[in-house]
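# Understanding the architecture of this molecule
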Amino acid sequence: MWEANLVCWWARHGITLLRLSLGLIFFWFGVQKFFPGLSSAEALATRTISFLTFGWVPPQVSLPVLATWECAIGLGLLTGRLLRLTLVLLFVQMAGTFLPLLFFPHETFKIVPLVPNLEGQYILKNLVLVSAALVVGATTRGGRLIADGKAAQTAERTQALHQRFRRRFRREP
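Note that residues are indexed from 1 along each chain, following the sequence as it is written. Only residues with pLDDT of 70 or above have their local features reported here, since the model is predicted, and side-chain atom pairs are shown and tallied only from 80 upward, although totals for entire chains, interfaces and linings are computed over all residues. Excluding hydrogens and water, the side-chain values take into account all heavy atoms of the structure.

### Here's the deal with the pattern of salt bridges
- Any carboxyl oxygen of Asp or Glu within 4 Å of a side-chain nitrogen of Lys or Arg constitutes a salt bridge here. Evaluation of the coordinates by the stated rule reveals three salt bridges.
- Of the charged contacts, one joins Glu107 and Arg47 as a salt bridge, the two residues approaching to 2.0 Å between their closest N and O atoms. Placement of the pair is Glu107 in helix H5 (residues 105–108) and Arg47 in helix H2 (residues 42–52), with a sequence separation of 60 residues.
- The buried label goes to any residue with under 20% of its type's maximum accessible area, the exposed label to any with over 50%, and the partly exposed label to all in between, with areas taken from a 1.4 Å probe on protein chains only. The partly exposed category is assigned to Arg47, whose relative accessible area is 34%.
- Residue Glu172 pairs with Arg166 through a salt bridge whose shortest N-O separation is 3.0 Å. Numbering of helices and strands starts at the N terminus; helices are DSSP runs of H or I of at least 4 residues and strands are runs of E of at least 2.

### With respect to the nonpolar core
- Core analysis: the biggest nonpolar cluster contains twelve residues, these being Leu22, Phe26, Ile73, Leu77, Leu83, Leu87, Leu90, Met94, Leu129, Ala132, Ala133 and Val136.
- Elements represented by at least two residues in this core include exactly helix H1 (2–32), helix H3 (59–79), helix H4 (83–103) and helix H7 (126–137).
- Should any heavy atoms of two residues lie within 4.5 Å, those residues are considered in contact. For Phe26, the residues in contact, after removing those within four places along its chain, are Glu70, Cys71, Ile73, Gly74, Leu77, Leu90, Gln93, Met94 and Leu129.
- What makes a nonpolar core is a set of buried Ala, Val, Leu, Ile, Met, Phe, Trp, Tyr and Cys residues whose side-chain atoms join them at distances within 4.5 Å. Core analysis: the next-biggest nonpolar cluster, separate from the first, contains six residues, Leu44, Leu101, Phe104 and Phe109 among them.

Here it is, written out as C-alpha cells:
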C-alpha cells in the first residue's frame, strides 16, 4: 500500500518538482554569467557565440545577453508563467550549448568523439535537461502523469481515438 501511495505522490508532484529544479538550474547558472570569470562555461560560451556571429558580437555583449536569457528561462520555469515561450527559449539555448562539440571538438573531448573532457561532460549533461524540458513541455496543455497503469492505458487509447478523429474530420471530437 505504501508503494502505491508513493507512486501517486510522485505522479502528482514529480513534474512540478522537475520544472522547479530545471528553473533553479537555469537561474543559478544564468546569474553566474553576470559576474565575469565566475562561470566555468563562460569562455566556451562566448567563443561559440563569437564564432556563430562571425566575430560581430564581442564577449562583453554576448555574456550578459546569455545570462539574461538563462535567467529568463529559469524564472519562467520557476513561476510556471509563459511556459511555452520559456520552453522555446530553452530549446534554442540548448541547441547552442551543443555547438562547441562541433565547433571545438579538440577542446571538448580527450578522444574525439568518444571521451569528453570536463567541458564536454558539462555540455553532454544537457541531454538530461532537454529530456526534462520535454517532459515539462508535455504538460503545457494540461497533460499529467497517471500513476494507475490501467487508467493510463485507457487514457492513451482515448487520446489515440481523439487524434484519429481530428485527422479525419479536422475538428475536435
